[in-house]
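# Notes for the structure review
Each chain, written out:
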Amino acid sequence: MTAYIIGELDVHNPERYADYTAHTPKTIADHGGKFIVRGGNPKSLEGGKAAPRFVVVEFPSMDKLMEWYHSDAYQAIIPIRQEAAQGRIIAVEGADTIPLA
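Predicted, not measured: the structure shown is a model, and the values here were computed from it.

Attention now goes to the nonpolar core. If you look at the biggest cluster of nonpolar residues, it comprises 17 residues, and the most contacted ones within it are Ile5, Tyr17, Tyr20, Val57, Phe59, Trp68 and Tyr74. Within the residue set of this core, elements represented by two or more residues are β1 (3–11), α1 (14–29), β3 (53–59), α2 (62–70) and α3 (72–84). In terms of residue count, α3 provides more of this core than any other element does, five residues in total. Those residues within four positions of Val57 in sequence are excluded, and the remaining contacts are Ala3, Tyr4, Ile5, Ile28, Lys34, Phe35 and Ile36.

As structure tokens, then:
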């Protein structure tokens, strides 16, 4: 059952954020993940202003997502993201995990 990381970010140090994004693809791929959205051009349709940058990463399961998030490789680069951007990071299960009754 798929699971997703959704990041809503406001990057205030693009150069430092580039250091972070240079390392994330390998950590994600190592855990079976793939980018669905990386940056985007968000347009808020309801509920206030959208964050300037969105990232959505799909993983085969919540277990794989959590393995990635807690991996040594990803934990080592989280401080770079936190230094360069502010925002929210959310894990959510995909629609294929919800019974459609």
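Moving on from the model shown.
Along α3, the largest kink reaches about 25 degrees and is centred on Ile78; proline Pro79 follows within four residues of it. All of the buried residues in α3 are Tyr74, Ile77, Ile78, Ile80, Arg81 and Ala84. Here the buried face of α3 lies against β1, α1, α2 and β4 (85–93).

This part is about the packing of α2 against α3. Across the interface, α2 lies against α3 with an axial gap of 5 Å and an inter-helix angle of 55 degrees. As the angle between them shows, α2 and α3 are arranged oblique. In this structure, α2 contributes Trp68, Tyr69 and His70 to the contact, and α3 contributes Asp72, Tyr74, Gln75 and Ile78. Within the contact of α2 with α3, the residues separate by chemical class into four nonpolar, two polar and one charged.

You can see Glu8 is positioned in strand β1. Within the structure, the side chain of Glu8 is placed 2.6 Å from the side chain of Arg88, a separation counted as a polar contact.

The strand order across the open sheet formed by four strands is β2-β3-β1-β4, and the pairing between neighbours is antiparallel. Each edge of the sheet is formed by a strand with only one pairing partner; in this case those strands are β2 (34–39) and β4. Direction aside, the axes of adjacent strands within the sheet are offset by 10 degrees on average. Where β1 lies against β3, seven bridges are found, and the strand directions are antiparallel. Its bridge partner being in β3, Ile5 is matched across the sheet by Val57. The sheet contacts of α1 involve β1, β2, β3 and β4, and relative to β2 the element is tilted by about 165 degrees. Along the sheet, α3 makes contact with β1 and β4, crossing β4 at roughly 125 degrees.

Conventions adopted
- Residue numbers run consecutively from 1 along every chain, following the written order of its sequence.
- Totals for whole chains, interfaces and linings use all residues, but because this is a predicted model, local features are given only for residues with pLDDT of at least 70 and pairs of side-chain atoms are given and counted only at 80 or more.
- Each side-chain value is worked out from all heavy atoms of the structure, with water and hydrogens disregarded.
- Throughout this description, the term nonpolar core refers to a set of buried Ala, Val, Leu, Ile, Met, Phe, Trp, Tyr and Cys residues connected via side-chain atoms within 4.5 Å.
- For each residue, the accessible area found with a 1.4 Å probe, counting protein chains only, is set against the maximum for its type, and the residue is called buried under 20%, exposed over 50%, and partly exposed in between.
- Secondary structure follows DSSP: runs of H or I at least 4 residues long count as helices, runs of E at least 2 residues long count as strands, and numbering of each begins at the N terminus.
- By definition in these notes, contact holds between two residues if any of their heavy atoms fall within 4.5 Å.
- Think of it this way: the bend at a residue is just the angle between two axes, each fitted to seven residues, one set ending at that residue and the other starting at it.
- Comment: axis = line fitted to C-alpha atoms, over the contacting stretch for helices; angle = value between 0 and 180 degrees taken between N-to-C directions.
- Throughout this description, any angle smaller than 35 degrees is read as roughly parallel, any larger than 145 degrees as roughly antiparallel, any in the 65 to 115 degree range as roughly perpendicular, and the remainder as oblique.
- Gly falls in the polar group here, along with every residue not listed as nonpolar (Ala, Val, Leu, Ile, Met, Phe, Trp, Tyr, Cys, Pro) or charged (Asp, Glu, Lys, Arg).
- Within 3.5 Å is the distance limit for a polar contact, defined as a pair of N or O atoms, with the added protein rule that one can donate a hydrogen and the other accept it, and that residues adjacent in sequence qualify only through two side-chain atoms.
- Whether two strands pair depends on DSSP finding at least two bridges between them.

Any functional reading would require information beyond the geometric quantities listed.
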